[in-house]
Amino acid sequence: MKKVNEAPLFAKLQQFAQAKPISFHVPGHKSGMVFPDIGRKYFEPILPIDLTELTGLDDLHASSGVIDEAQNLASKWFGSNNTYFLVGGSTVGNLAMILARCSAGDKVLVQRNSHKSIMNGLELSGAKPIFLTPEFEERVNRYIAPSVDTVKKAVKSNPDSKALILTYPDYYGRAYPIKEMIDIAHSYHIPVLVDEAHGVHFSLDGNFPPSALKLGADVVVQSAHKMAPAMTMASYLHIKSSIVQTNHIEFYLQTLQSSSPSYPLLASLDLARYYLEGLTKADIMKVENSARELRHYLNNCSLWDVLHPEMGIDDPLKITLQVKQNADVSTIVAFLESEGVYPELWSDKQILFVHGLAPLHDFDRINHIVEIINQQLKLKARSATIDSENQLFIEKIKKLPLSYEEMKRRQVKQMSWDVLENHIAAEAIIPYPPGIPMIVKGEVVTKNHIKMFHNLMEQGIHFQNPKIKDGIKVFLP
């Protein structure tokens, strides 16, 4: 690690805790004095810095001290005009950037395979989304992003759009020519808002795709907890724009985030920047070599193929296993978990491993598990399944048949899957993870949607609706 700027917020909290002050303030655990014994072992080390807005500790929503200093250091490191610490995940950042820019009735160009928080932000704003269909990429066997041509046509047809909203990279770490899309939008004075939840480490000096912030995006939201050493929910929002107004973003962040933000989460954001800034080229090379070696061992399994990353396009720390046609994904995942190996996510045909920023050392265990899989799990003769995923999105540019305001006025009814075709969904259907709606609220349900749902259910994919097997809610005419 190289010598870098300190972590001022963490240092202040540490100094405060070491002074052992008498607490006549919240939180109620009183720096750990009041806490159930059953959990003390795990929580005790962090409770002394779980504080509130005391003198010298600053205020997230009106920062002028150590939080402001920590955010400024992050802004300098990531290359933004302003960086804000988020304690509500990238979700709150996505909501804030949409609400700050979009109002009821505004046209908004949106990548269709976006996270549910983007869809929720659109509904809350009352905007009129124009969905841009992603291209199905045969090499990686999934949808990635809209083509540059689709973006160009959408912008040219809707020059009065208030924003272009993109997701970069995808959950699996694959990037695309976002710079061209940003330039197209900017030529029409349309700002580009980017959900970069999985790209916080793209600012490192390694073989990573470039960050959308570096490529000219106006607002970029990153989940620091996904790839950097920050606590769950800790995220960043970066602004580098002459179009989006900073004070509007600040208003919605204050409105949507807790008035009692977690200081451990804030400190972990300070420390995450400190850690990233301190990594040397040699440190990053060790991590990339470790990911390469992990791919080598995983590639020895007969039940899957390892997708190898393309330089500058794929995140080398995301490892995707393409499960073979006659292998059962849910059986493989269950076996991996029984051996103490937990993937990040799995779909009906892929399994994702997230390597992280630390080199692995237990390759012998990985090799042993692969050998056991080869011995105990065999390929089975299976008839070919109907692969409807690459026909899930037909129109390149698509509007919803109802506005969000119209949806509020419509009555809804629960309907079973066998009669859903051609009805308008009154709720989103979301496999989770990755949290990207298969059907968005207000979208017409197609035959391919229904086929895909049944296929995913057969594979044991989790949906964020416990009663989804019986059907979904639809809008009545």
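Bear in mind the structure is a predicted one, so any value in this text is a computation, not a measurement.

Q: Before we move on, can you summarise the UniProt feature "domain: Orn/Lys/Arg decarboxylase C-terminal" (unreviewed entry) in the protein chain with the specific residues and values?
A: Cross-referencing UniProt, the feature "domain: Orn/Lys/Arg decarboxylase C-terminal" (unreviewed entry) maps to residues 401-453 in the present numbering. Here residues 401-453 is 25% helix and 8% strand, with 22 Å between the C-alpha atoms at its ends.

Q: Report on the sheet that holds strand β13 (residues 350-354), specifying residues and quantitative values.
A: Taken together, 4 strands build an open sheet; the order of strands is β10-β11-β13-β12 and the sheet is antiparallel. The strands lining the two open edges of the sheet, one partner per strand, are β10 (304-307) and β12 (345-346). Relative to β13, β12 runs antiparallel, the two being bridged by 2 bridges. Across the sheet, L345 pairs through a bridge with L352, a residue of β13. Contacting β10, β11 (318-323), β12 and β13, helix α12 (residues 329-338) crosses the sheet at an angle of about 30 degrees to β13.

Q: Please give an account of the pattern of salt bridges that cites residues and values.
A: This model, assessed by the stated rule, comprises 20 salt bridges. For R112, the salt bridge goes to E443, with nearest N and O atoms at 3.0 Å. Here the residue R112 occupies a position in the loop between β2 (107-111) and α5 (116-125), and E443 occupies one in the loop between β15 (412-415) and α15 (447-458), the gap between them amounting to 331 residues. For the pair formed by R112 and E443, the shared burial category is buried. In this structure, the salt-bridge partner of D314 is R174, at a minimum N-O distance of 2.7 Å. Here R174 lies in the loop between β6 (164-167) and α7 (178-187) and D314 lies in the loop between β10 and β11, a separation of 140 residues in the sequence. If you follow the salt bridges from partner to partner, you end up with E137, R139, R174, E310 and D314 in one network.

Q: Summarise unusual backbone geometry; cite the residues concerned and give the values.
A: With omega at 5 degrees, the peptide bond leading from V26 into P27 counts as cis. Structurally, the position occupied by P27 is in the loop between α1 (8-18) and α2 (37-43). Cis rather than trans, the peptide bond between P433 and P434 has omega equal to 15 degrees. Secondary-structure assignment places P434 in the loop between β15 and α15. Look at H189: it is not a glycine, yet its phi comes out positive at around 60 degrees. Along the chain, H189 falls in the loop between α7 and β7 (192-195). What makes H189 exposed here is its relative accessible area of 53%. Its identity as a non-glycine residue notwithstanding, M233 has a phi of 90 degrees, on the positive side. One can find M233 in the loop between α8 (224-227) and β9 (235-239). Taking the relative accessible area as the measure of exposure, M233 reaches 42% and is therefore partly exposed.

Q: Account for the packing of helix α3 (residues 66-78) against helix α10 (residues 263-278), with residues named and values stated.
A: Relative orientation of the contacting elements α3 and α10 amounts to 35 degrees, with a least axis distance of 10 Å. Helix-helix and strand crossings are classified by hand; for α3 and α10 the assignment is left-handed. From α3, I67, A70, L73, A74, W77 and F78 reach across to α10, where they touch Y263, L266, D270, R273, L276 and E277. Split into classes, the residues belonging to the contact of α3 with α10 amount to 9 nonpolar, no polar and 3 charged.

Q: Can you break down the sheet that holds β7 residue by residue, with the values?
A: Hydrogen bonds between backbone atoms are what pair the strands of a sheet, whose relative direction is either parallel or antiparallel. Taken in spatial order, the 8 strands make up an open sheet running β1-β9-β8-β7-β6-β2-β3-β14, and their pairing is mixed. Looking at which strands have only one partner, the edges of the open sheet turn out to be β1 (82-86) and β14 (397-399). For this sheet, the mean angle separating the axes of adjacent strands, direction not counted, is 20 degrees. As paired strands, β2 and β6 are joined by 2 bridges and run parallel to one another. Note that in β6 the partner of L109 across the bridge is L164. Against the sheet, α5 contacts β2, β3 (128-132), β6 and β7, and its axis sits at roughly 170 degrees relative to β2.

Q: Please provide a residue-by-residue account of the packing of aromatic side chains, values included.
A: All told, the structure shown has 13 aromatic pairs when counted by the stated rule. Both rings, one in F78 and one in Y236, keep their centres 5.0 Å apart while their planes meet at 55 degrees; by these two values the pair is tilted. With F78 in helix α3 and Y236 in strand β9, the pair connects residues that are 158 residues apart, well separated along the chain. When sorted by exposure, F78 lands in the same class as Y236, which is buried. Pairwise contacts between aromatic rings join W77, F78, F85 and Y236 into one cluster.

Q: Residues and numbers for the environment of E6, please.
A: Within the secondary structure, E6 sits in the segment before α1. E6 has contacts with L73, R273 and Y274, leaving out every residue within four places of it along the chain.

Q: Got a sec to walk through the side chain of N94? Specific residues and values, please.
A: Along the chain, the position of N94 falls in helix α4 (residues 89-101). A distance of 3.0 Å separates a polar atom in the side chain of N94 from a polar atom in the side chain of S117. For N94, the residues in contact, after removing those within four places along its chain, are S117, I118, D195 and V221.

Q: Kindly report on the packing of helix α11 (residues 281-298) against helix α13 (residues 363-376), identifying the contributing residues and their values.
A: Where α11 meets α13, the closest approach of the two axes is 9 Å, and the angle between their N-to-C directions is 20 degrees. The angle between α11 and α13 places the two elements in the roughly parallel class. Between α11 and α13 lies a crossing of right-handed hand. On the side of α11, the interface is formed by S290, E293, L294, Y297 and L298, while α13 contributes F363, I366, N367 and V370. Here the contact of α11 with α13 is built from residues that sort into 6 nonpolar, 2 polar and 1 charged.

Parameters and conventions
- Residues numbered from 1 in each chain as written.
- Predicted model: local features only at pLDDT ≥ 70, side-chain atom pairs only at ≥ 80, totals over all residues.
- Heavy atoms only, no water.
- UniProt positions renumbered as here; feature names shortened; annotations may be inferred.
- Helix = DSSP H or I, 4+ residues; strand = E, 2+ residues; numbered from the N terminus.
- Pairing = 2+ DSSP bridges.
- Contact = heavy atoms within 4.5 Å.
- Axes fitted to C-alpha atoms, helices over the stretch in contact; angles between N-to-C directions.
- Salt bridge = Lys/Arg side-chain N within 4 Å of Asp/Glu carboxyl O.
- Buried < 20%, exposed > 50% of the residue type's maximum accessible area, 1.4 Å probe, protein only.
- Left-handed = near helix turned anticlockwise from the far one by under 90°.
- Nonpolar A, V, L, I, M, F, W, Y, C, P; charged D, E, K, R; others polar.
- Phe/Tyr/Trp six-rings, centres within 6.5 Å; stacked < 30°, edge-to-face > 60°.
- Polar contact = N/O pair within 3.5 Å; in protein donor to acceptor, adjacent residues only side chain to side chain.
- Parallel < 35°, antiparallel > 145°, perpendicular 65-115°, else oblique.

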